[in-house]
Amino acid sequence: MSNQPMVKSIAVLGTGSDVGKSVISAGICRILSNNSVTVAPFKAQNMSNNAEPALLSSHHNNTNVSPSSTHSKDEYYRTDANNSRQLWGEIGSAQSLQAQACRIVPRVEMNPILLKSGGRRESDGAFLCNVIVMVSSFAVEDYGSLGQRTETLKTLVMEAHKQLAEVTGAQVIVIEGAVSCTELNLMERDIVNLPLVRALNCPWLLVANIDPGGVFAQIVGTKACVSKEDWDLCAGVIVNRLRGDVKYFEPGPKMLEDMIGKPIFVVPYLSDLNLPEEDGLGVERRLANEHEPIVVDDTTLKRVVVIAYPHIAITSDLIPLENDDYFKVYWRRHCIPAQTYPEISAIILPGSRLTRSDLEWLKQTEWVSYIETFVKLGGNVLGICGGYQMLGREVLDPVGVEGESGTSMGLGYLPITTIIEPAECKVVRPRRGRLFRTNLPVNGFELHCGRTSNSDDGPCSLPLVTFLDSDECQQLSTKDGTQVGNVRGTYIHGILETKRARVALLTNDSADDRNDEKKQDHIDKFAHHLEQCGLDYKRIMKMVWSIDEVH
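Here the structure is a predicted model, which is why all the values come from computation and not from measurement.

With that settled, consider the packing of aromatic side chains. Tallied over the entire structure, the rule returns seven aromatic pairs. Ring geometry for F216 against F249: centres 6.2 Å apart, planes inclined by 50°, an arrangement best described as tilted. Within this pair, whereas F216 is found in helix α7 (residues 215-225), its partner F249 is found in the loop between β11 (234-242) and α9 (252-260), the two being separated by 33 residues in sequence. Residue classification places F216 among the partly exposed positions, given a relative accessible area of 29%. In this structure F249 comes out as buried when scored by relative accessible area, which is 11%. Centre to centre, the rings of Y388 and Y491 are 5.2 Å apart; their planes meet at 80°, and the pair counts as edge-to-face. Of this pair, Y388 sits in helix α14 (residues 386-390) while Y491 sits in the loop between β28 (487-490) and α15 (499-506), and the two are 103 residues apart along the sequence. Look at Y388 and you get buried, because its relative accessible area is 3%. The class of Y491 is buried, set by a relative accessible area of 4%. The ring of Y269 carries R243 above its face, with NZ or CZ at 3.9 Å from the centroid. Geometry around F467 places R431 over its ring, the cationic atom sitting 3.6 Å from the centre.

Here it is in C-alpha coordinates:
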(Lines give C-alpha, C1' and ligand atoms only; values in the text may rest on other atoms or scores of the structure.)
Protein backbone atom coordinates (compact mmCIF):
# COMPACT_ATOMS: atom_id res chain seq x y z
CA MET A 1 0.00 0.00 0.00
CA SER A 2 1.37 3.40 -0.96
CA ASN A 3 0.51 6.76 -2.54
CA GLN A 4 -1.09 8.76 0.24
CA PRO A 5 -4.21 10.56 -1.06
CA MET A 6 -4.90 14.26 -0.54
CA VAL A 7 -8.00 13.60 1.56
CA LYS A 8 -7.36 13.29 5.29
CA SER A 9 -8.30 10.12 7.15
CA ILE A 10 -8.64 8.99 10.73
CA ALA A 11 -8.98 5.32 11.69
CA VAL A 12 -10.90 3.71 14.54
CA LEU A 13 -9.22 0.42 15.45
CA GLY A 14 -9.96 -1.98 18.28
CA THR A 15 -8.40 -4.26 20.85
CA GLY A 16 -10.79 -6.97 19.63
CA SER A 17 -14.27 -7.66 18.28
CA ASP A 18 -17.37 -6.10 19.83
CA VAL A 19 -15.56 -3.17 21.42
CA GLY A 20 -17.79 -0.60 19.70
CA LYS A 21 -15.72 0.45 16.66
CA SER A 22 -18.75 0.75 14.37
CA VAL A 23 -20.76 3.06 16.61
CA ILE A 24 -17.71 5.12 17.64
CA SER A 25 -16.96 5.63 13.93
CA ALA A 26 -20.56 6.67 13.28
CA GLY A 27 -20.40 9.14 16.16
CA ILE A 28 -17.21 10.74 14.83
CA CYS A 29 -18.77 10.95 11.36
CA ARG A 30 -21.77 12.80 12.78
CA ILE A 31 -19.64 15.20 14.86
CA LEU A 32 -17.74 16.21 11.74
CA SER A 33 -20.90 16.43 9.63
CA ASN A 34 -22.59 18.60 12.26
CA ASN A 35 -19.69 21.02 11.85
CA SER A 36 -19.99 21.26 8.05
CA VAL A 37 -17.09 18.91 7.28
CA THR A 38 -17.66 16.74 4.22
CA VAL A 39 -17.04 13.28 5.62
CA ALA A 40 -17.41 9.68 4.43
CA PRO A 41 -17.01 6.26 6.12
CA PHE A 42 -14.75 3.45 4.96
CA LYS A 43 -14.09 -0.15 5.92
CA ALA A 44 -11.72 -1.94 3.60
CA GLN A 45 -12.99 -5.45 4.28
CA ASN A 46 -16.00 -6.51 6.26
CA MET A 47 -17.20 -9.99 7.11
CA SER A 48 -20.89 -9.64 7.76
CA ASN A 49 -24.21 -11.28 7.01
CA ASN A 50 -25.88 -7.93 7.67
CA ALA A 51 -25.87 -5.80 4.52
CA GLU A 52 -27.84 -2.97 2.94
CA PRO A 53 -28.10 -1.38 -0.52
CA ALA A 54 -25.39 0.97 -1.76
CA LEU A 55 -24.89 2.81 -5.04
CA LEU A 56 -22.64 1.00 -7.47
CA SER A 57 -19.24 2.47 -8.23
CA SER A 58 -20.09 3.00 -11.91
CA HIS A 59 -22.59 5.68 -10.89
CA HIS A 60 -20.35 8.52 -9.71
CA ASN A 61 -23.28 10.83 -9.14
CA ASN A 62 -22.90 13.58 -6.55
CA THR A 63 -26.66 13.90 -6.05
CA ASN A 64 -27.62 14.01 -2.38
CA VAL A 65 -24.11 13.65 -0.99
CA SER A 66 -23.78 17.16 0.42
CA PRO A 67 -23.06 17.20 4.14
CA SER A 68 -25.59 19.98 4.47
CA SER A 69 -28.39 17.63 3.39
CA THR A 70 -30.47 15.97 6.07
CA HIS A 71 -31.13 12.60 4.53
CA SER A 72 -32.22 9.85 6.87
CA LYS A 73 -32.29 6.24 5.75
CA ASP A 74 -36.01 6.45 5.01
CA GLU A 75 -35.53 9.58 2.92
CA TYR A 76 -32.92 8.05 0.66
CA TYR A 77 -35.22 5.06 0.16
CA ARG A 78 -37.93 7.46 -0.98
CA THR A 79 -35.75 9.60 -3.23
CA ASP A 80 -33.02 7.54 -4.86
CA ALA A 81 -35.23 4.47 -5.22
CA ASN A 82 -37.31 6.52 -7.66
CA ASN A 83 -34.46 6.82 -10.14
CA SER A 84 -34.57 3.73 -12.33
CA ARG A 85 -31.15 4.58 -13.78
CA GLN A 86 -29.46 3.95 -10.45
CA LEU A 87 -28.01 0.50 -9.88
CA TRP A 88 -27.47 -0.85 -6.39
CA GLY A 89 -24.90 -3.07 -4.78
CA GLU A 90 -24.45 -3.89 -1.09
CA ILE A 91 -22.21 -2.97 1.83
CA GLY A 92 -22.13 -3.94 5.49
CA SER A 93 -24.95 -2.49 7.59
CA ALA A 94 -22.43 -0.71 9.83
CA GLN A 95 -21.09 1.29 6.89
CA SER A 96 -24.65 2.11 5.82
CA LEU A 97 -25.28 3.45 9.32
CA GLN A 98 -22.07 5.48 9.13
CA ALA A 99 -23.13 6.91 5.76
CA GLN A 100 -26.36 7.98 7.43
CA ALA A 101 -24.24 9.62 10.13
CA CYS A 102 -22.41 11.51 7.37
CA ARG A 103 -25.77 12.42 5.78
CA ILE A 104 -24.77 10.88 2.45
CA VAL A 105 -26.07 8.04 0.32
CA PRO A 106 -24.28 4.69 0.91
CA ARG A 107 -21.87 3.67 -1.86
CA VAL A 108 -20.01 0.44 -2.52
CA GLU A 109 -16.66 2.27 -2.27
CA MET A 110 -17.33 2.61 1.47
CA ASN A 111 -16.93 -1.18 1.90
CA PRO A 112 -15.12 -2.44 -1.20
CA ILE A 113 -14.66 -6.02 0.02
CA LEU A 114 -17.63 -7.72 1.67
CA LEU A 115 -17.33 -11.32 2.86
CA LYS A 116 -20.33 -13.49 3.68
CA SER A 117 -20.28 -16.95 5.18
CA GLY A 118 -20.81 -19.56 2.49
CA GLY A 119 -21.08 -22.89 4.29
CA ARG A 120 -18.50 -25.66 3.90
CA ARG A 121 -16.94 -27.31 0.87
CA GLU A 122 -18.06 -30.90 0.38
CA SER A 123 -14.66 -32.22 -0.72
CA ASP A 124 -12.58 -31.23 2.33
CA GLY A 125 -14.97 -29.52 4.75
CA ALA A 126 -13.18 -26.17 4.39
CA PHE A 127 -15.15 -23.12 5.49
CA LEU A 128 -16.11 -20.95 2.53
CA CYS A 129 -16.99 -17.30 2.11
CA ASN A 130 -18.69 -15.38 -0.66
CA VAL A 131 -16.37 -12.58 -1.73
CA ILE A 132 -18.10 -9.48 -3.08
CA VAL A 133 -15.64 -6.98 -4.54
CA MET A 134 -17.22 -3.59 -5.29
CA VAL A 135 -20.18 -5.73 -6.44
CA SER A 136 -18.45 -6.09 -9.81
CA SER A 137 -17.17 -9.58 -9.07
CA PHE A 138 -18.37 -12.50 -7.02
CA ALA A 139 -16.38 -15.52 -5.96
CA VAL A 140 -16.56 -18.35 -3.48
CA GLU A 141 -13.24 -18.88 -1.71
CA ASP A 142 -11.91 -20.71 1.28
CA TYR A 143 -10.24 -18.34 3.71
CA GLY A 144 -6.75 -19.68 2.99
CA SER A 145 -7.04 -18.95 -0.72
CA LEU A 146 -8.35 -15.50 -0.01
CA GLY A 147 -5.22 -14.72 2.01
CA GLN A 148 -3.07 -15.46 -1.04
CA ARG A 149 -4.60 -12.48 -2.84
CA THR A 150 -3.47 -9.92 -0.29
CA GLU A 151 -1.44 -7.70 -2.62
CA THR A 152 -4.25 -7.52 -5.18
CA LEU A 153 -6.74 -6.69 -2.46
CA LYS A 154 -4.47 -4.00 -0.99
CA THR A 155 -4.34 -2.27 -4.37
CA LEU A 156 -8.10 -2.50 -4.68
CA VAL A 157 -8.58 -1.03 -1.19
CA MET A 158 -6.39 1.99 -1.93
CA GLU A 159 -8.17 2.60 -5.21
CA ALA A 160 -11.58 2.39 -3.49
CA HIS A 161 -10.42 4.89 -0.85
CA LYS A 162 -9.34 7.27 -3.61
CA GLN A 163 -12.59 6.83 -5.53
CA LEU A 164 -14.64 7.42 -2.37
CA ALA A 165 -12.87 10.73 -1.79
CA GLU A 166 -13.44 11.77 -5.40
CA VAL A 167 -17.12 10.88 -5.67
CA THR A 168 -18.15 12.31 -2.29
CA GLY A 169 -15.76 15.25 -2.21
CA ALA A 170 -14.85 14.15 1.31
CA GLN A 171 -12.45 16.26 3.31
CA VAL A 172 -12.14 13.51 5.92
CA ILE A 173 -12.66 9.76 5.66
CA VAL A 174 -13.37 7.89 8.89
CA ILE A 175 -11.96 4.38 8.63
CA GLU A 176 -13.23 1.48 10.74
CA GLY A 177 -10.86 -1.38 11.49
CA ALA A 178 -11.73 -5.03 12.05
CA VAL A 179 -11.39 -7.31 15.08
CA SER A 180 -8.07 -6.65 16.85
CA CYS A 181 -5.53 -4.40 15.16
CA THR A 182 -2.71 -6.57 16.51
CA GLU A 183 -3.39 -10.06 15.20
CA LEU A 184 0.34 -10.60 14.73
CA ASN A 185 0.02 -13.91 12.89
CA LEU A 186 -2.25 -12.23 10.31
CA MET A 187 -0.41 -8.92 10.00
CA GLU A 188 1.07 -9.69 6.58
CA ARG A 189 -2.45 -10.30 5.23
CA ASP A 190 -4.09 -7.41 7.07
CA ILE A 191 -5.64 -4.86 4.71
CA VAL A 192 -8.00 -3.26 7.25
CA ASN A 193 -6.03 -2.09 10.27
CA LEU A 194 -2.46 -0.85 10.84
CA PRO A 195 -1.08 -1.61 7.35
CA LEU A 196 -3.80 0.66 5.94
CA VAL A 197 -3.07 3.34 8.56
CA ARG A 198 0.60 3.12 7.62
CA ALA A 199 -0.13 3.43 3.90
CA LEU A 200 -2.30 6.50 4.45
CA ASN A 201 -0.02 7.93 7.15
CA CYS A 202 -3.14 8.82 9.12
CA PRO A 203 -3.89 9.07 12.86
CA TRP A 204 -5.81 6.30 14.58
CA LEU A 205 -7.80 5.81 17.76
CA LEU A 206 -7.74 2.60 19.77
CA VAL A 207 -11.07 1.40 21.21
CA ALA A 208 -11.17 -0.97 24.19
CA ASN A 209 -14.28 -2.41 25.86
CA ILE A 210 -14.18 -2.16 29.66
CA ASP A 211 -17.50 -3.99 30.13
CA PRO A 212 -16.12 -7.58 30.24
CA GLY A 213 -13.09 -6.52 32.32
CA GLY A 214 -9.39 -6.63 31.54
CA VAL A 215 -9.24 -3.20 29.95
CA PHE A 216 -5.68 -2.51 31.21
CA ALA A 217 -4.42 -5.71 29.60
CA GLN A 218 -6.31 -4.91 26.39
CA ILE A 219 -4.71 -1.50 26.02
CA VAL A 220 -1.20 -2.12 27.38
CA GLY A 221 -1.07 -5.44 25.54
CA THR A 222 -1.98 -3.75 22.27
CA LYS A 223 0.78 -1.17 22.74
CA ALA A 224 3.28 -3.97 23.38
CA CYS A 225 2.34 -5.58 20.06
CA VAL A 226 2.55 -2.39 18.00
CA SER A 227 5.73 -0.98 16.46
CA LYS A 228 6.96 2.42 17.65
CA GLU A 229 6.24 3.90 14.22
CA ASP A 230 2.63 2.71 14.32
CA TRP A 231 2.15 3.73 17.95
CA ASP A 232 3.41 7.23 17.15
CA LEU A 233 0.40 7.60 14.83
CA CYS A 234 -2.03 6.69 17.62
CA ALA A 235 -3.95 9.83 18.65
CA GLY A 236 -5.63 8.43 21.73
CA VAL A 237 -7.41 5.54 23.41
CA ILE A 238 -11.15 5.18 24.04
CA VAL A 239 -12.25 3.18 27.07
CA ASN A 240 -15.73 2.26 25.89
CA ARG A 241 -18.91 1.08 27.65
CA LEU A 242 -18.07 2.00 31.22
CA ARG A 243 -21.09 1.18 33.38
CA GLY A 244 -21.82 3.52 36.24
CA ASP A 245 -20.24 6.82 37.21
CA VAL A 246 -16.87 7.65 35.63
CA LYS A 247 -15.49 8.57 39.07
CA TYR A 248 -15.53 4.88 40.04
CA PHE A 249 -12.90 4.24 37.36
CA GLU A 250 -10.49 6.69 38.98
CA PRO A 251 -7.50 6.74 38.98
CA GLY A 252 -7.66 4.39 36.00
CA PRO A 253 -7.45 7.00 33.20
CA LYS A 254 -4.35 8.65 34.70
CA MET A 255 -2.73 5.25 35.26
CA LEU A 256 -3.30 4.31 31.64
CA GLU A 257 -2.00 7.63 30.35
CA ASP A 258 1.19 7.16 32.35
CA MET A 259 1.61 3.61 31.04
CA ILE A 260 1.01 4.24 27.34
CA GLY A 261 1.68 7.95 26.85
CA LYS A 262 -1.61 8.67 25.07
CA PRO A 263 -4.75 10.61 26.05
CA ILE A 264 -7.60 8.49 27.43
CA PHE A 265 -11.26 9.13 26.63
CA VAL A 266 -13.76 7.31 28.86
CA VAL A 267 -17.14 6.72 27.17
CA PRO A 268 -19.90 5.52 29.52
CA TYR A 269 -22.39 2.92 28.32
CA LEU A 270 -25.71 4.17 26.92
CA SER A 271 -28.43 1.59 27.55
CA ASP A 272 -30.98 3.18 25.20
CA LEU A 273 -28.73 3.91 22.25
CA ASN A 274 -30.65 1.53 19.95
CA LEU A 275 -28.06 1.28 17.19
CA PRO A 276 -27.04 -1.93 15.38
CA GLU A 277 -24.35 -4.12 16.93
CA GLU A 278 -21.55 -6.03 15.25
CA ASP A 279 -22.71 -8.89 13.06
CA GLY A 280 -23.45 -12.09 14.97
CA LEU A 281 -22.28 -10.85 18.35
CA GLY A 282 -25.58 -9.18 19.18
CA VAL A 283 -27.46 -12.38 18.36
CA GLU A 284 -25.30 -14.52 20.60
CA ARG A 285 -25.63 -11.98 23.40
CA ARG A 286 -29.41 -12.14 23.13
CA LEU A 287 -29.39 -15.92 23.01
CA ALA A 288 -27.45 -16.02 26.27
CA ASN A 289 -30.80 -15.28 27.93
CA GLU A 290 -32.91 -17.76 25.98
CA HIS A 291 -33.30 -20.08 29.00
CA GLU A 292 -35.10 -17.35 30.93
CA PRO A 293 -38.87 -18.02 31.13
CA ILE A 294 -41.34 -15.89 29.21
CA VAL A 295 -43.29 -13.75 31.68
CA VAL A 296 -46.97 -13.24 30.87
CA ASP A 297 -48.15 -11.08 33.78
CA ASP A 298 -48.70 -7.98 31.61
CA THR A 299 -51.73 -8.64 29.37
CA THR A 300 -51.21 -5.44 27.35
CA LEU A 301 -47.71 -6.41 26.20
CA LYS A 302 -47.36 -8.16 22.84
CA ARG A 303 -44.74 -10.90 23.01
CA VAL A 304 -42.82 -11.87 19.89
CA VAL A 305 -40.50 -14.85 19.50
CA VAL A 306 -37.63 -14.60 17.01
CA ILE A 307 -36.25 -17.96 15.86
CA ALA A 308 -32.48 -17.47 15.61
CA TYR A 309 -31.35 -20.30 13.35
CA PRO A 310 -27.60 -20.85 12.88
CA HIS A 311 -27.18 -18.67 9.76
CA ILE A 312 -29.51 -15.82 10.73
CA ALA A 313 -28.90 -12.64 8.69
CA ILE A 314 -29.86 -8.94 8.61
CA THR A 315 -30.93 -8.89 12.24
CA SER A 316 -31.21 -5.10 12.02
CA ASP A 317 -34.79 -5.80 10.90
CA LEU A 318 -35.63 -6.49 14.55
CA ILE A 319 -34.15 -3.34 16.13
CA PRO A 320 -37.31 -1.18 15.71
CA LEU A 321 -39.34 -3.97 17.29
CA GLU A 322 -36.99 -4.27 20.26
CA ASN A 323 -37.23 -0.53 20.83
CA ASP A 324 -41.05 -0.53 20.88
CA ASP A 325 -42.51 -0.59 24.41
CA TYR A 326 -45.68 -2.19 23.03
CA PHE A 327 -43.71 -5.37 22.27
CA LYS A 328 -41.39 -7.70 24.15
CA VAL A 329 -38.98 -9.67 21.98
CA TYR A 330 -37.66 -13.10 22.96
CA TRP A 331 -34.78 -14.61 20.99
CA ARG A 332 -34.80 -18.40 20.90
CA ARG A 333 -32.74 -21.10 19.19
CA HIS A 334 -32.87 -24.27 21.27
CA CYS A 335 -35.44 -23.34 23.95
CA ILE A 336 -38.98 -23.81 22.71
CA PRO A 337 -41.39 -21.55 24.64
CA ALA A 338 -43.81 -23.19 27.06
CA GLN A 339 -46.44 -20.65 26.04
CA THR A 340 -48.22 -20.32 22.72
CA TYR A 341 -50.88 -18.01 21.27
CA PRO A 342 -52.38 -15.77 22.68
CA GLU A 343 -49.68 -15.37 25.37
CA ILE A 344 -47.28 -15.01 22.45
CA SER A 345 -48.60 -12.77 19.71
CA ALA A 346 -46.20 -13.58 16.87
CA ILE A 347 -43.29 -15.68 15.65
CA ILE A 348 -40.70 -14.16 13.30
CA LEU A 349 -38.56 -16.19 10.92
CA PRO A 350 -35.84 -13.65 10.01
CA GLY A 351 -33.40 -13.58 7.12
CA SER A 352 -30.94 -16.41 6.56
CA ARG A 353 -27.57 -16.57 4.84
CA LEU A 354 -28.11 -20.25 3.98
CA THR A 355 -31.85 -20.81 3.67
CA ARG A 356 -31.87 -24.54 2.91
CA SER A 357 -29.41 -25.32 5.69
CA ASP A 358 -31.42 -23.35 8.25
CA LEU A 359 -34.65 -24.88 6.96
CA GLU A 360 -33.29 -28.40 7.45
CA TRP A 361 -32.06 -27.38 10.92
CA LEU A 362 -35.53 -26.09 11.72
CA LYS A 363 -37.17 -29.35 10.65
CA GLN A 364 -34.88 -31.34 12.96
CA THR A 365 -36.12 -29.41 16.00
CA GLU A 366 -39.42 -29.08 17.83
CA TRP A 367 -40.02 -25.73 16.19
CA VAL A 368 -42.03 -27.26 13.34
CA SER A 369 -44.70 -28.74 15.61
CA TYR A 370 -44.66 -25.60 17.78
CA ILE A 371 -45.32 -23.35 14.77
CA GLU A 372 -48.08 -25.69 13.57
CA THR A 373 -49.93 -25.47 16.89
CA PHE A 374 -49.31 -21.74 17.08
CA VAL A 375 -50.86 -21.11 13.65
CA LYS A 376 -53.90 -23.31 14.39
CA LEU A 377 -54.59 -21.24 17.50
CA GLY A 378 -54.58 -18.00 15.49
CA GLY A 379 -51.05 -16.75 16.11
CA ASN A 380 -49.22 -14.49 13.67
CA VAL A 381 -46.15 -15.68 11.75
CA LEU A 382 -43.93 -13.35 9.72
CA GLY A 383 -41.12 -14.59 7.50
CA ILE A 384 -38.59 -12.06 6.17
CA CYS A 385 -36.45 -12.92 3.13
CA GLY A 386 -35.00 -16.37 3.92
CA GLY A 387 -37.74 -16.87 6.50
CA TYR A 388 -40.30 -16.08 3.79
CA GLN A 389 -38.77 -18.74 1.55
CA MET A 390 -38.95 -21.33 4.37
CA LEU A 391 -42.70 -20.75 4.79
CA GLY A 392 -43.32 -21.91 1.21
CA ARG A 393 -43.69 -25.33 -0.38
CA GLU A 394 -40.21 -25.82 -1.86
CA VAL A 395 -36.78 -24.21 -1.94
CA LEU A 396 -34.71 -25.34 -4.93
CA ASP A 397 -30.99 -24.82 -5.41
CA PRO A 398 -30.32 -26.42 -8.82
CA VAL A 399 -26.69 -25.26 -9.18
CA GLY A 400 -25.57 -25.47 -5.55
CA VAL A 401 -25.36 -21.76 -4.75
CA GLU A 402 -25.66 -22.43 -1.01
CA GLY A 403 -23.71 -25.69 -1.01
CA GLU A 404 -24.95 -29.05 -2.24
CA SER A 405 -27.52 -28.73 -5.02
CA GLY A 406 -31.00 -30.10 -4.42
CA THR A 407 -34.50 -29.35 -3.22
CA SER A 408 -35.79 -28.82 0.31
CA MET A 409 -39.43 -29.10 1.22
CA GLY A 410 -40.66 -25.95 2.92
CA LEU A 411 -42.97 -25.61 5.90
CA GLY A 412 -45.92 -25.40 3.53
CA TYR A 413 -47.85 -22.43 4.93
CA LEU A 414 -47.61 -20.28 1.81
CA PRO A 415 -48.24 -21.41 -1.82
CA ILE A 416 -44.83 -20.32 -3.07
CA THR A 417 -41.78 -21.97 -4.60
CA THR A 418 -38.31 -20.42 -4.45
CA ILE A 419 -35.35 -21.05 -6.74
CA ILE A 420 -31.97 -19.99 -5.33
CA GLU A 421 -30.00 -18.20 -8.04
CA PRO A 422 -26.28 -17.31 -8.32
CA ALA A 423 -24.95 -14.14 -6.75
CA GLU A 424 -24.78 -12.47 -10.16
CA CYS A 425 -28.61 -12.56 -10.18
CA LYS A 426 -28.95 -11.06 -6.71
CA VAL A 427 -31.74 -8.53 -6.28
CA VAL A 428 -30.53 -5.44 -4.38
CA ARG A 429 -32.62 -2.29 -4.35
CA PRO A 430 -34.50 0.09 -2.06
CA ARG A 431 -38.30 -0.19 -2.34
CA ARG A 432 -41.31 1.73 -1.12
CA GLY A 433 -44.91 0.60 -1.00
CA ARG A 434 -48.00 -0.07 1.10
CA LEU A 435 -49.32 -3.06 2.96
CA PHE A 436 -51.93 -4.68 0.72
CA ARG A 437 -54.70 -5.06 3.29
CA THR A 438 -54.28 -1.90 5.38
CA ASN A 439 -52.67 0.53 2.90
CA LEU A 440 -50.07 1.44 5.53
CA PRO A 441 -46.83 2.83 4.03
CA VAL A 442 -43.65 0.72 4.24
CA ASN A 443 -40.12 1.58 3.12
CA GLY A 444 -37.24 -0.84 3.00
CA PHE A 445 -35.02 -2.79 0.65
CA GLU A 446 -34.70 -6.10 -1.14
CA LEU A 447 -31.47 -8.12 -0.89
CA HIS A 448 -31.86 -11.73 -1.96
CA CYS A 449 -30.72 -14.41 -4.40
CA GLY A 450 -34.04 -16.25 -4.47
CA ARG A 451 -36.68 -15.99 -7.19
CA THR A 452 -40.07 -16.76 -5.67
CA SER A 453 -43.26 -17.58 -7.55
CA ASN A 454 -46.79 -17.89 -6.19
CA SER A 455 -48.75 -20.87 -7.49
CA ASP A 456 -52.07 -19.82 -5.99
CA ASP A 457 -53.85 -16.61 -7.00
CA GLY A 458 -57.07 -17.55 -5.22
CA PRO A 459 -58.87 -15.50 -2.57
CA CYS A 460 -57.02 -17.22 0.31
CA SER A 461 -53.61 -16.07 -0.94
CA LEU A 462 -52.92 -12.35 -1.13
CA PRO A 463 -49.80 -10.23 -1.70
CA LEU A 464 -48.38 -8.54 1.39
CA VAL A 465 -47.06 -5.33 -0.21
CA THR A 466 -48.07 -3.26 -3.23
CA PHE A 467 -45.14 -1.21 -4.48
CA LEU A 468 -45.39 2.49 -5.26
CA ASP A 469 -42.15 2.68 -7.26
CA SER A 470 -42.98 0.07 -9.93
CA ASP A 471 -44.43 2.49 -12.49
CA GLU A 472 -41.15 4.41 -12.54
CA CYS A 473 -39.21 1.37 -13.75
CA GLN A 474 -40.94 -1.37 -15.72
CA GLN A 475 -38.34 -3.89 -14.58
CA LEU A 476 -39.49 -3.62 -10.95
CA SER A 477 -42.17 -5.95 -9.62
CA THR A 478 -45.51 -4.46 -8.61
CA LYS A 479 -46.14 -6.66 -5.58
CA ASP A 480 -44.18 -8.47 -2.91
CA GLY A 481 -44.79 -11.24 -0.46
CA THR A 482 -47.67 -13.56 0.30
CA GLN A 483 -50.18 -13.84 3.11
CA VAL A 484 -52.56 -16.66 3.93
CA GLY A 485 -54.56 -15.96 7.06
CA ASN A 486 -52.15 -14.83 9.77
CA VAL A 487 -49.07 -16.27 8.06
CA ARG A 488 -47.17 -13.65 6.09
CA GLY A 489 -43.92 -13.51 4.17
CA THR A 490 -41.96 -10.72 2.49
CA TYR A 491 -38.62 -9.88 0.88
CA ILE A 492 -38.71 -6.33 2.29
CA HIS A 493 -36.10 -5.68 4.96
CA GLY A 494 -37.18 -2.76 7.12
CA ILE A 495 -40.87 -3.61 6.90
CA LEU A 496 -41.14 -3.33 10.71
CA GLU A 497 -39.77 0.20 10.82
CA THR A 498 -43.07 1.88 11.81
CA LYS A 499 -45.29 1.11 14.80
CA ARG A 500 -48.46 0.81 12.72
CA ALA A 501 -46.82 -1.74 10.42
CA ARG A 502 -45.57 -3.71 13.43
CA VAL A 503 -49.07 -3.81 14.94
CA ALA A 504 -50.64 -4.80 11.62
CA LEU A 505 -48.17 -7.62 10.92
CA LEU A 506 -47.54 -9.02 14.41
CA THR A 507 -50.83 -8.67 16.29
CA ASN A 508 -54.53 -9.14 15.78
CA ASP A 509 -55.16 -5.59 16.96
CA SER A 510 -56.19 -2.66 14.81
CA ALA A 511 -53.35 -0.43 13.69
CA ASP A 512 -55.68 2.51 13.04
CA ASP A 513 -55.35 3.94 16.55
CA ARG A 514 -51.59 3.53 16.69
CA ASN A 515 -49.61 6.66 16.01
CA ASP A 516 -46.08 6.30 14.74
CA GLU A 517 -43.75 7.80 17.28
CA LYS A 518 -41.40 10.58 16.23
CA LYS A 519 -38.11 8.93 15.41
CA GLN A 520 -35.21 9.87 17.63
CA ASP A 521 -31.86 10.58 16.04
CA HIS A 522 -29.78 8.13 18.05
CA ILE A 523 -26.67 8.96 16.03
CA ASP A 524 -26.90 12.60 17.07
CA LYS A 525 -27.47 11.47 20.65
CA PHE A 526 -24.30 9.36 20.62
CA ALA A 527 -22.29 12.09 18.88
CA HIS A 528 -23.24 14.49 21.67
CA HIS A 529 -22.26 11.81 24.18
CA LEU A 530 -18.79 11.51 22.58
CA GLU A 531 -18.35 15.26 22.70
CA GLN A 532 -19.14 15.28 26.43
CA CYS A 533 -16.43 12.63 26.86
CA GLY A 534 -13.79 14.90 25.32
CA LEU A 535 -13.96 13.78 21.68
CA ASP A 536 -15.37 17.06 20.43
CA TYR A 537 -15.01 18.64 17.01
CA LYS A 538 -11.86 20.63 17.73
CA ARG A 539 -10.14 17.66 19.36
CA ILE A 540 -10.95 15.39 16.41
CA MET A 541 -9.86 17.96 13.84
CA LYS A 542 -6.63 18.53 15.73
CA MET A 543 -5.98 14.79 15.47
CA VAL A 544 -6.83 14.76 11.75
CA TRP A 545 -4.97 17.89 10.70
CA SER A 546 -2.35 18.11 13.47
CA ILE A 547 -3.16 21.78 14.17
CA ASP A 548 -3.75 23.64 17.42
CA GLU A 549 -6.79 25.63 16.36
CA VAL A 550 -9.63 25.00 13.96
CA HIS A 551 -11.15 28.06 12.32
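The amide bond that connects E250 to the next residue, P251, takes the cis arrangement and shows omega of 0°. As for its placement among the helices and strands, P251 is situated in the loop between β11 and α9. Residue P342 is bonded to the preceding Y341 through a cis peptide linkage, with omega at 10°. Along the chain, the position of P342 falls in the loop between β15 (327-332) and β16 (346-349). Even without glycine at this site, S36 takes up a positive phi of about 65°. Here S36 is to be found in the loop between α1 (21-34) and β2 (39-42).

Counting 88 residues, the largest nonpolar core has I28, L32, F42, V174, W204, I219 and V239 as its most contacted members. Of all the elements, α1 adds the most residues to this core, at seven residues. Residues contacting V239, with those up to four places away along its chain left out, are A208, I210, V215, I219, F249, L256, I264, F265, V266 and V267. Among the nonpolar cores identified, the runner-up in size contains 58 residues, and W331, M390, I416 and L435 belong to it.

In this model, α1 (14 residues) spans 20 Å end to end at C-alpha, consistent with the 20 Å of a helix rising 1.5 Å per residue. The buried fraction of α1 is high, at 13 of 14 residues. Following α1 by one or two positions, S36 has its phi on the positive side, about 65°.

About the cut-offs
- Residues numbered from 1 in each chain as written.
- Predicted model: local features only at pLDDT ≥ 70, side-chain atom pairs only at ≥ 80, totals over all residues.
- Heavy atoms only, no water.
- Phe/Tyr/Trp six-rings, centres within 6.5 Å; stacked < 30°, edge-to-face > 60°.
- Helix = DSSP H or I, 4+ residues; strand = E, 2+ residues; numbered from the N terminus.
- Buried < 20%, exposed > 50% of the residue type's maximum accessible area, 1.4 Å probe, protein only.
- Lys NZ or Arg CZ within 6 Å of the ring centre and 35° of its normal.
- Core = buried A, V, L, I, M, F, W, Y, C linked by side-chain atoms within 4.5 Å.
- Contact = heavy atoms within 4.5 Å.
- Expected span 1.5 Å × (residues − 1).

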